[in-house]
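Overview (structure and organization)
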Amino acid sequence: MSVQPVLPLSGYAGWRFLERTMERQREVHDQSQQVRKDVAYFAEKIGTVRTAEDLVSDYRLLKVALGAFGLEEAIDGKALIRKVLTDGSGDKGALANRLSDKRWLALTKTFGFEGGGAGTTAEGFADRIAAQYRARSFESAVGELDGNMGLALTLDREMATLAAGDTSETAKWYSVLGSTSMRAVFDGAFGLPKAFAALDLDRQLEVYRNKAEAMFGSNSVSQFADADVRDKLIKTFLIRAELGTSVSSSPGQIALTLLGG
């Protein structure tokens, strides 16, 4: 059976509570019967998987594989999963490279079925996927109780890794724009309407940089490697979500919101 996280509060106050109790809550979640069974089965069987079909045909393995990348809701779309994994990522026309959700690209790169290879045989593969699965599973459990809290938790993890990477700032921003969870937090914190996503991608990048400069004093993604900067982003997002604001604010208005929170 699964263990439900404890979230007695919503908004930023709830986030602070979650931060304080995170270590213990994660420990309890990871030791739940369902998570332990999922991870044990994956560790036992994944070494025998050599093709996309091997993975797709085993529901329990596929559950962990998709869950490790936050794609568990796509588990019934076997044709899509099979196509993404078989195409791989080497060709620009491969499906994973054409999908806006880059979690699929991460999935196919990790499993490496393209050209008859398989990342599943790499040393420590099962342990790495299991760790990702535990983390994502906890985030999903939190998200089921409070969607915004789940988004904040995912952002905190993904952004810490992305910001510390060695790719260009432009590439990092495009990664944010291509991530459903990360851009949901940024759009919310920046007060951008849903229609914003329909703008030209270069224009979206320009707006993001301008908003980041106004709010944080820098237009770089690398600044979010700092936990305090991520916390300010999450705080603004959660406060805006509670207030139900959907219009863009000036730096002065943002400051007032933060001071009032």
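Residues numbered from 1 in each chain as written. Predicted model: local features only at pLDDT ≥ 70, side-chain atom pairs only at ≥ 80, totals over all residues. Heavy atoms only, no water.

A look at the confidence of the model for the protein
For the record, the criterion: Across the chain, each position has a pLDDT score giving the predictor's confidence in that residue, from 0 to 100. A helix here means a DSSP run of H or I that spans at least four residues, while a strand means a run of E at least two residues long, and both kinds are numbered starting from the N terminus. Two residues form a contact once any of their heavy atoms are found within 4.5 Å.
Averaged over all residues, the pLDDT of the protein equals 90, while 93% of them reach at least 70. Taking the mean pLDDT of every element in the protein, the minimum, 40, falls on helix 14 (residues 251-260) and the maximum, 97, on helix 4 (residues 59-67). Low pLDDT, under 50, characterises residues 245-261; the predicted model gives this stretch 23 contacts beyond four residues in sequence or across chains.

Brief notes about the layout of surface pockets
Put simply, the test is: Here a cavity means grid points, on a 1 Å grid over the protein atoms only, where a 1.4 Å probe fits yet cannot get out; a pocket means an open set of points with protein on both sides within 12 Å along at least five of seven lines; lining residues are those with an atom within 4 Å of a point. Grid points are joined across faces, edges and corners, and a volume is the space filled by probe spheres set on the points. Note that Gly is not counted as nonpolar here; it falls among the polar residues with everything else outside the nonpolar set of Ala, Val, Leu, Ile, Met, Phe, Trp, Tyr, Cys and Pro and the charged set of Asp, Glu, Lys and Arg.
For the largest pocket, the calculated volume is near 910 Å³. If you go around the largest pocket, you meet 34 residues; those closest to its centre are Glu72, Arg136, Ser140, Ala141 and Glu144. When contributions to the lining of the largest pocket are tallied by element, the ones reaching two or more residues are helix 2 (33-45), helix 4, helix 7 (103-111), helix 8 (125-145), helix 9 (147-163) and helix 11 (180-190). With eight residues, helix 8 is the largest single contributor of residues to the lining of the largest pocket. In this structure, the second largest pocket spans a volume of roughly 730 Å³. Surrounding the second largest pocket, 24 residues form its lining, Lys102, Ala106, Arg136, Glu158 and Met182 being those nearest its centre. Of all the elements, helix 7 adds the most residues to the lining of the second largest pocket, at five residues. For the lining of the second largest pocket, a count of residues per class yields nine nonpolar, seven polar and eight charged.

As for the packing of aromatic side chains
As a reminder of what qualifies: Aromatic pairing here means that ring centres of Phe, Tyr or Trp (its six-membered ring) are within 6.5 Å. Orientation follows from the plane angle: under 30 degrees is stacked, over 60 is edge-to-face, and everything else is tilted. Note on exposure labels: buried denotes an accessible area under 20% of the residue type's maximum, exposed denotes more than 50%, and partly exposed covers the range between, all computed with a 1.4 Å probe on protein chains only.
Across all of its chains, the model carries ten aromatic pairs by this definition. With 5.4 Å between their ring centres and 85° between their planes, Phe190 and Tyr208 make a pair best called edge-to-face. Here the residue Phe190 occupies a position in helix 11, and Tyr208 occupies one in helix 12 (residues 201-216), the gap between them amounting to 18 residues. Take Phe190: its relative accessible area is 2%, and that puts it in the buried class. Between Phe216 and Phe224, the aromatic rings sit 5.1 Å apart at their centres with planes inclined by 85°, giving edge-to-face as the arrangement. As far as the burial class goes, Phe216 and Phe224 line up, both buried. Each residue in the set Trp173, Phe186, Phe190, Phe196, Tyr208, Phe216 and Phe224 is aromatic and connected to the rest through ring pairs, giving one cluster.

Re helix 5 (residues 78-87)
Residue pairs spaced three or four apart in an α-helix point in one direction, given the helix's 3.6 residues per turn. Applicable threshold: Each direction from the helix axis to a C-beta atom contributes to the arc, which is the arc of those directions.
Those residues of helix 5 that fall on the buried side of the exposure criterion are Ile81, Val84 and Leu85. On an axial view of helix 5, the arc spanned by its buried residues comes to 90°, and they lie on one face. Next to the buried residues of helix 5 lie helix 3 (52-56), helix 4, helix 6 (95-98) and helix 7.

Quick word on the pattern of salt bridges
What counts here: The term salt bridge refers to a pairing of a side-chain nitrogen on Lys or Arg with a carboxyl oxygen on Asp or Glu at a separation within 4 Å.
Counted under the stated rule, the structure contains 13 salt bridges. With a shortest N-O distance of 3.1 Å, Glu158 and Arg136 are connected by a salt bridge. With Glu158 in helix 9 and Arg136 in helix 8, this residue pair connects regions lying 22 residues apart in the sequence. By relative accessible area, which is 11% here, Arg136 ends up buried. The partner of Glu206 in a salt bridge is Arg203, and the shortest N-O contact between them spans 3.1 Å.

Here's the deal with the packing of helix 1 (residues 11-30) against helix 13 (residues 227-243)
Heads up, the condition is: Whenever a helix is involved, its axis is fitted only over the stretch in contact; in every case the axis is a line through C-alpha atoms, and angles between N-to-C directions fall within 0 to 180 degrees. An angle counts as roughly parallel when it lies under 35 degrees, as roughly antiparallel when it exceeds 145, as roughly perpendicular when it falls between 65 and 115, and as oblique in every other case.
Running from amino to carboxyl end, helix 1 crosses helix 13 at an angle of 140°, the nearest separation of the two axes being 8 Å. Comparing their axes, helix 13 and helix 1 come out oblique. Between helix 1 and helix 13, the residues in contact are Gly11, Tyr12, Trp15, Arg16 and Glu19 and Asp231, Ile234, Lys235, Leu238 and Glu242, respectively. Looking at the contact of helix 1 with helix 13 residue by residue, the classes come out as four nonpolar, one polar and five charged.

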